[in-house]
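Here is how the chains run, residue by residue.
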Amino acid sequence: MKVIVIGAGLGGLLSAAKLSGSGYEVEVFERLPMTGGRFTNIDIKGYQLTTGALHMIPHGPTGPLAQLLEEVGADVIIERDEGMAFMRIFEDIENNIYEDVPFGKFGKTFSLWNRIKLALFMITTRKNPPKDCSFAEWLSRNFDTPLAYQMADSFCGWALSLKAADVPAEEVFEIFENLYRYGGPGVPIGGCKAVTDALADVVRSNGGTMYTDKEVSEIIIKDGKASGVIIDGQKYPADLVISNIGHNFTHDLCKDVDISEEHQQYLDRIKVTKPSAGVKICLAANEPLIGHGGVLFTPSARLVNGINEVTNIDPDLAPQGKHLVMAHQTTQWERTPYLEDEIDLGIKDLEEIFAGKDFEVLLTQSYYNGWPVNRSSSGSDIGNTTPIEGLYVVGDGAKGKGGIEVEGVALGVRNTMKLILD
Ligand code: FAD
């Protein structure tokens, strides 16, 4: 059986590694000159910046991605800093008086009544997670403190690049359940590139072939079944096609399709899946700015949702003695024409948060349209199958339920592999 994978991002590479190790003949076609997609490094002045992700794996060495990497034989070390996440709560912003409260203890800043409600919900929502409302709506029904919304926006902005009002409550509670189940974030030693390079090595050592600078222009469909791709006018036949580019772009490559009623329903569903947009600000620091390898959530900031300092876990991600600090902020889709303003405000946030510290802005990056934070915003994923037999979609345009970012990519790949291999 021959499989063609469109795109050498994390989703494509995980699928290619698993299938090539299961006896399939695998060819991966990537349109860029390098593999890794939004999960690889860019070297700037000796700092290992990235094409997308913040060098962070949401459930660290024990989550779905780590498990899948181990299963396919990818040699990656993921380290977790115990303590993992803090909320910076300001008592007095003007005078820079704050406390970094451990993530699991954020309720201590609430009133007694809100603390009692929080303790109760922590038990009841695990059995009966709320449904049919956004996370923000659920909060507004149950808590009367603005800090709860700020914290929720900070968490959803960092983890999903969305506002709490844009995420279904059900998805957020599934994410909390996964945090209980798998634990908090970790950093791959060597950064994102170490992960995608290790996967590319597995594909090659299993006999698979990887092509770069090869853009797929069409998926060949014969008798309702995917049977190969076209690149530069040349046909490449296959028994299965796995697309790493999201449902919408995949559909655009399917030129000769008979639109049945079932297919029309699929098109209606994918039309409403919206990518999530965001801005990343990378800082070069001459001293530690946050001092740990986890996440610093920033609920009081104007736009910045959270910050990490991965050099506390892997010092080689920056020149000797320096620190790489990355801040993320979600961008509402309607604000994408005003990205310069969003970036300026993000930098102002960082100047205030790190007032008096020795750092400079190394690079600002914005993510939307064809190179977003997530191809399908969390909670709007529609699964990995398509109405076309033998055509599957993987990656962050088809994440598994409750999977934050690359953990969702791994869960989606696992679902797809079950469909193909079982
Ligand atoms: P991609 O990486 O986009 O791969 C798709 C590949 O397909 C690309 O290489 C593309 O060039 C190629 N391609 C497209 N069209 C074609 C074609 N026609 N023919 C051939 N090839 C094609 N996740 C985390 O878990 N932790 C984080 O800290 C984190 N932070 C993030 C911060 C930012 C600012 C961003 C943008 C993302 C972040 N993410 C994070 C999300 C994570 O980076 C993505 O979810 C993940 O990298 C997506 O991988 P993918 O395989 O789905 O897609």
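Coordinates for the structure precede this section.
Peer 1: Any chance you could explain the layout of surface pockets here in plain terms?
Peer 2: A water-sized probe, rolled over the atoms, reveals where empty space remains. Its volume calculated, the second largest pocket comes out at about 220 Å³. Lining the second largest pocket are 18 residues, with Asp153, Lys163, Arg302, Leu303 and Asn305 sitting closest to its centre. Looking at which element gives the most residues to the lining of the second largest pocket, the answer is helix α5 (residues 146-160), with four residues. Across the lining of the second largest pocket, the residue classes tally to five nonpolar, eight polar and five charged. Taken together, domain 2 (105-182) and domain 3 (275-367) each give at least three residues to the lining of the second largest pocket, which thus spans both.

Peer 1: How do you make sense of the packing of α5 against helix α6 (residues 169-182) when you look at a structure like this?
Peer 2: Each pair of packed helices gets described by two things: the angle between the helix axes and the distance between those axes. Running from N to C, α5 and α6 cross one another at 75°; their axes reach a closest spacing of 13 Å. Taken together, the axes of α5 and α6 are roughly perpendicular relative to one another. Residues Phe155, Cys156 and Leu160 of α5 lie in contact with α6, whose contacting residues are Val172, Ile175, Phe176 and Leu179. Of the residues assigned to the contact of α5 with α6, the class counts are seven nonpolar, no polar and no charged.

Peer 1: Please clarify how the packing of aromatic side chains should be interpreted in this entry.
Peer 2: To describe a pair of aromatic rings, you give the distance between the ring centres and the angle between the ring planes. Considering all chains together, one arrives at 19 aromatic pairs under this definition. Ring geometry for Phe29 and Tyr211: centres 4.9 Å apart, planes at 15°, overall stacked. One end of the pair, Phe29, is in strand β2 (residues 25-29); the other, Tyr211, is in strand β9 (residues 209-211), with 182 residues separating them in the sequence. Assessed through its relative accessible area of 1%, Phe29 is described here as buried. Judged by relative accessible area, Tyr211 falls into the partly exposed class, the value being 27%. Ring pairing ties together the aromatic residues Phe103, Phe106, Phe110, Phe121, Phe135, Trp138, Phe143, Phe155, Phe173, Phe176 and Phe297, which thus form one cluster. Above the face of the Phe143 ring, Lys117 is positioned so that its terminal group lies 5.7 Å from the ring centre.

Rules used throughout
- Residues numbered from 1 in each chain as written.
- Predicted model: local features only at pLDDT ≥ 70, side-chain atom pairs only at ≥ 80, totals over all residues.
- Heavy atoms only, no water.
- 1 Å grid on protein atoms, 1.4 Å probe; cavity = no way out; pocket = protein on both sides within 12 Å on 5 of 7 lines; lining within 4 Å.
- Points joined across faces, edges and corners; volume = space filled by probe spheres on them.
- Helix = DSSP H or I, 4+ residues; strand = E, 2+ residues; numbered from the N terminus.
- Nonpolar A, V, L, I, M, F, W, Y, C, P; charged D, E, K, R; others polar.
- Domains from an automatic or database assignment.
- Axes fitted to C-alpha atoms, helices over the stretch in contact; angles between N-to-C directions.
- Parallel < 35°, antiparallel > 145°, perpendicular 65-115°, else oblique.
- Contact = heavy atoms within 4.5 Å.
- Phe/Tyr/Trp six-rings, centres within 6.5 Å; stacked < 30°, edge-to-face > 60°.
- Buried < 20%, exposed > 50% of the residue type's maximum accessible area, 1.4 Å probe, protein only.
- Lys NZ or Arg CZ within 6 Å of the ring centre and 35° of its normal.

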